[in-house]
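Okay, here's what each chain looks like letter by letter:
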Amino acid sequence: MPADPIEAYLRRETGAYLDPWHDRLKNAYVDTLADLGVTKDLTDTEFLAAMEQHKQADPALAAVLAAIKGTVKGGIGKLREGPQGQQYRDGETWPALPRPIWRPDIRAAVISKARVNMHRKLSNMAKMTGLYPLAVLSDCVVHPSPGASPMDFLPYAASGKPQPGGFRLGLTPGLAKLEGVQEMAWAVDLMEKGFNPARHIKGGDAVLEEGE
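Residues numbered from 1 in each chain as written. Predicted model: local features only at pLDDT ≥ 70, side-chain atom pairs only at ≥ 80, totals over all residues. Heavy atoms only, no water.

Visitor: Is there a simple way to think about helix H4 (residues 104-129) in this case?
Guide: Residues lying three or four places apart along an α-helix face the same way, a consequence of the helix completing one turn every 3.6 residues. Under the 1.5 Å per step criterion, the end-to-end length of H4 is 37 Å for 26 residues, consistent within 8% with the ideal 38 Å. Taken as a whole, H4 has its buried residues at Ile106, Met118, Lys121, Leu122, Met125 and Ala126. Trailing H4 by a residue or two, Gly130 shows a phi angle of about 75°, which is positive. (Helix = DSSP H or I, 4+ residues; strand = E, 2+ residues; numbered from the N terminus. Expected span 1.5 Å × (residues − 1). Buried < 20%, exposed > 50% of the residue type's maximum accessible area, 1.4 Å probe, protein only.)

So, in structure tokens, the structure goes:
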């Protein structure tokens, strides 16, 4: 049976809450990548080569890039900040709750939209290529490929342009970047042991290293 609400607490202010924050960080990310030699005008082959070398081009700028990415992840996390410290006891309130930026509803909406976009692209990829992912973790997808490059399985039109609707290589948020390449036997071995290959495709443990 459906629940009948007795009381509700509503935030009546509406608007594009995260747009200024998103746009500022997006521009900072794209501009920093451009300073590292990864620009929007690169072909997919050039983009992959530039991304492979960009961290070595300037360690200081690479650190700035990591800070920008950390700000995005940390900022989304702050929208649902939980209790901190060993002194907390279940049932007690905590300092983050009265803050205007404590918005777990917005965090949930951001995550929901990202997951819907991901599922739509996965569905389109299966229709266009006949290939299905081996593993998914957050925004990382491990896909089977006949070759070592993502260009070996990403769908392209006869003109050489990426097919719309699937994954596309690029530097802006929402486009795909190469996280790592491993042999199929590596993925099969992890799955047989009950592990998620998407958690380890970059090397190490993505959850422990990036806090996802």
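Visitor: Explanation requested: helix H2 (residues 44-57) in the structure shown.
Guide: Spanning 14 residues, H2 covers 19 Å between terminal C-alpha atoms, matching the ideal 20 Å at 1.5 Å per step. Buried residues of H2: Asp44, Phe47, Leu48, Ala50, Met51 and His54, and no others. Check the buried side of H2 and you find it contacts helix H1 (19-35) and helix H3 (59-78). (Contact = heavy atoms within 4.5 Å.)

Visitor: Looking at this structure, how should I read the packing of H2 against H3?
Guide: To describe two helices that pack against each other, one gives the angle between their axes and the distance between the axes. Relative to each other, H2 and H3 sit at 110°, their axes nearing to 6 Å. Classified by the angle between their axes, H2 and H3 sit roughly perpendicular to one another. Counting all contacts with H2, which are made through His54, Lys55, Gln56 and Ala57, the residues of H3 involved are Pro59, Ala62 and Leu65. A class-by-class count of the residues in the contact of H2 with H3 yields four nonpolar, two polar and one charged. (Axes fitted to C-alpha atoms, helices over the stretch in contact; angles between N-to-C directions. Parallel < 35°, antiparallel > 145°, perpendicular 65-115°, else oblique. Nonpolar A, V, L, I, M, F, W, Y, C, P; charged D, E, K, R; others polar.)

Just distances and angles here, no functional claims.
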